[in-house]
Amino acid sequence: MKRGELYLVEHATKTDVKKQRVFVVVSRQVVIDSKYSTVICAPVYTNTEGISTQVPVGIDDGLKHQSWIRCDELVSIRKSELTNYVGSLGTNSLIKLNEALKIALDIE
């Protein structure tokens, strides 16, 4: 498992009405490689509000259609639930993800 990888997860959050949702792993690699049982992930939605904390992703990243990573909705997901690999963010998408996470977390 690597930072920036996309996984399809079933029932990841109790409040999500969708049965399955794609999530991108955003934890730093040292945590992903550790014995911790969870990692921080951001959900991927097919719609956007056009705000700076939403990162566009699409076919080039392994998805079926244009979508957006929502960095204001970070969740902790058990590594054991991240088994249905979808794809991986390219370099440009990772750069945009990093910027959006800085904005979402108010980090300079």
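Preceding this section is the structure that the text describes.
Residues numbered from 1 in each chain as written. Predicted model: local features only at pLDDT ≥ 70, side-chain atom pairs only at ≥ 80, totals over all residues. Heavy atoms only, no water.

Colleague: What is the right way to look at the pattern of salt bridges in this model?
Modeller: Oppositely charged side chains are able to pair whenever their charged atoms sit close together. Here the structure, examined in full by the defined rule, presents four salt bridges. A salt bridge links E81 to R78; the nearest nitrogen and oxygen atoms lie 2.8 Å apart. A salt bridge links K102 to E99; its shortest N-O distance comes to 3.7 Å. Note that K102 and E99 are positioned in helix α2 (residues 91-104) at a spacing of three residues, about one turn of the helix. Residues joined in a network through salt bridges with shared partners are E49, R70 and E73. (Salt bridge = Lys/Arg side-chain N within 4 Å of Asp/Glu carboxyl O. Helix = DSSP H or I, 4+ residues; strand = E, 2+ residues; numbered from the N terminus.)

Colleague: Honestly, the state of the cysteines in this entry has me stumped. Any pointers?
Modeller: What makes a disulfide is a covalent bond joining the sulfur atoms belonging to two cysteines. For the coordinates displayed, the defined rule picks out zero disulfides. Of the cysteine sulfurs around C41, a residue in no disulfide, the closest is that of C71, at 12 Å. Owing to a relative accessible area of 0%, C41 belongs among the buried residues under this scheme. (Disulfide = S-S within 2.5 Å. Buried < 20%, exposed > 50% of the residue type's maximum accessible area, 1.4 Å probe, protein only.)

Colleague: How should the packing of aromatic side chains be read in this particular structure?
Modeller: Describing an aromatic ring pair means giving the distance of the ring centres and the angle of the ring planes. With the rule as written, the count across this model stands at one aromatic pair. Over the face of the ring belonging to Y45 we find R21, whose NZ or CZ atom lies 3.8 Å from the ring centre. Over the face of the ring belonging to Y45 we find R70, whose NZ or CZ atom lies 3.8 Å from the ring centre. (Phe/Tyr/Trp six-rings, centres within 6.5 Å; stacked < 30°, edge-to-face > 60°. Lys NZ or Arg CZ within 6 Å of the ring centre and 35° of its normal.)

Colleague: Even after reading the chapter, I still don't get α2, so can you show me in this structure?
Modeller: Spacing of three or four residues puts side chains on the same side of an α-helix, whose turn is 3.6 residues. Taking 1.5 Å per residue, 14 residues should reach 20 Å; α2 reaches 20 Å between its end C-alpha atoms and fits that length. Residues of α2 that are buried: S93, L97, A100 and L101. Taken end-on, α2 shows its buried residues confined to a sector of 100°, consistent with a single buried face. The exposed set on the far side of α2, more than 90 degrees from its buried face, consists of T91 and N92. The secondary structure elements touched by the buried residues of α2 are β4 (54-57) and β5 (67-70). Just beyond α2, the residue with positive phi is D106, at close to 55°. (Expected span 1.5 Å × (residues − 1). Arc of directions from axis to C-beta. Contact = heavy atoms within 4.5 Å.)

Functional significance is not addressed by these values, which are geometric in nature.
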